[in-house]
Amino acid sequence: MRPDLFKVVIAGVPFVDVLTTVADPSIPLSVGEWTEWGNPNNKKYYEYIKSYSPVDNVKPGAYPSMLVTVGLNDPRVAYWEGHKWVALLRENKTNEEEEPVLIKTDMNSGHFSASDRYKNLAEHAFEMAFALDRLGLADTPAK
């Protein structure tokens, strides 16, 4: 994992707590993933999945500015995955003042965000405004 390669990250409904989620057979998509990724209830696959699971690889250090978006009613990636990841990042970031980590929870949407065209455009505008601001381009006049 190379957070130093980025200045800004927009993570839309990120699947970041891979180990915990895939290990739980009561979650609808988990058992089906075992054939592709392996069953983390088996030590061999547990260690492998843990090696790339974002939540399990947060270390103290500098991270880019981040906007994480989640949907409360997401049936595929539970909203708490993003919240857990953000909490770990905030706890471990050494540059929080310069590069914030924000989370935006849509209380009405699921995995694919807003289905209303105008609300969807507003969400994309919010994300782009965040990126432009963090890149120092928010006040750049249009040509």
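Up top is the structure.
Nothing here was measured: the structure is a model prediction, and the numbers come from that model. (Residues numbered from 1 in each chain as written. Predicted model: local features only at pLDDT ≥ 70, side-chain atom pairs only at ≥ 80, totals over all residues. Heavy atoms only, no water.)

1. Details of the sheet that holds strand S1 (residues 8-12)
Here we have 3 strands laid out as an open sheet, ordered S1-S2-S3, and parallel in their pairing. Both outer strands of the open sheet, S1 and strand S3 (101-106), are each paired with one neighbouring strand and no more. Geometrically, the sheet is characterised by an average inter-axis angle of 10° between neighbouring strands, direction not taken into account. Across 5 bridges, S1 lies against strand S2 (residues 65-71) in parallel orientation. Each residue of the ladder has a partner; that of Val-8, found in S2, is Ser-65. Running over the sheet, helix H4 (residues 79-92) touches S1, S2 and S3 and is turned about 165° from S3. (Pairing = 2+ DSSP bridges. Helix = DSSP H or I, 4+ residues; strand = E, 2+ residues; numbered from the N terminus. Axes fitted to C-alpha atoms, helices over the stretch in contact; angles between N-to-C directions. Contact = heavy atoms within 4.5 Å.)

2. What to know about helix H5 (residues 117-134)
Between the first and last C-alpha of H5 there are 26 Å, a value that for 18 residues agrees with the 26 Å anticipated at 1.5 Å per step. Among the residues making up H5, those that are buried are Asn-120, Glu-123, Glu-127, Phe-130, Ala-131 and Arg-134. The arc enclosing the buried residues of H5, seen along the axis, measures out at 95°, which places them on a common side. Facing away from the buried side of H5 by over 90 degrees, the exposed positions are Arg-117, Tyr-118 and Leu-121. On its buried face, H5 is in contact with S1, S2 and S3. Remark: Gly-136 follows H5 within two positions and exhibits a positive phi of approximately 80°. (Expected span 1.5 Å × (residues − 1). Buried < 20%, exposed > 50% of the residue type's maximum accessible area, 1.4 Å probe, protein only. Arc of directions from axis to C-beta.)

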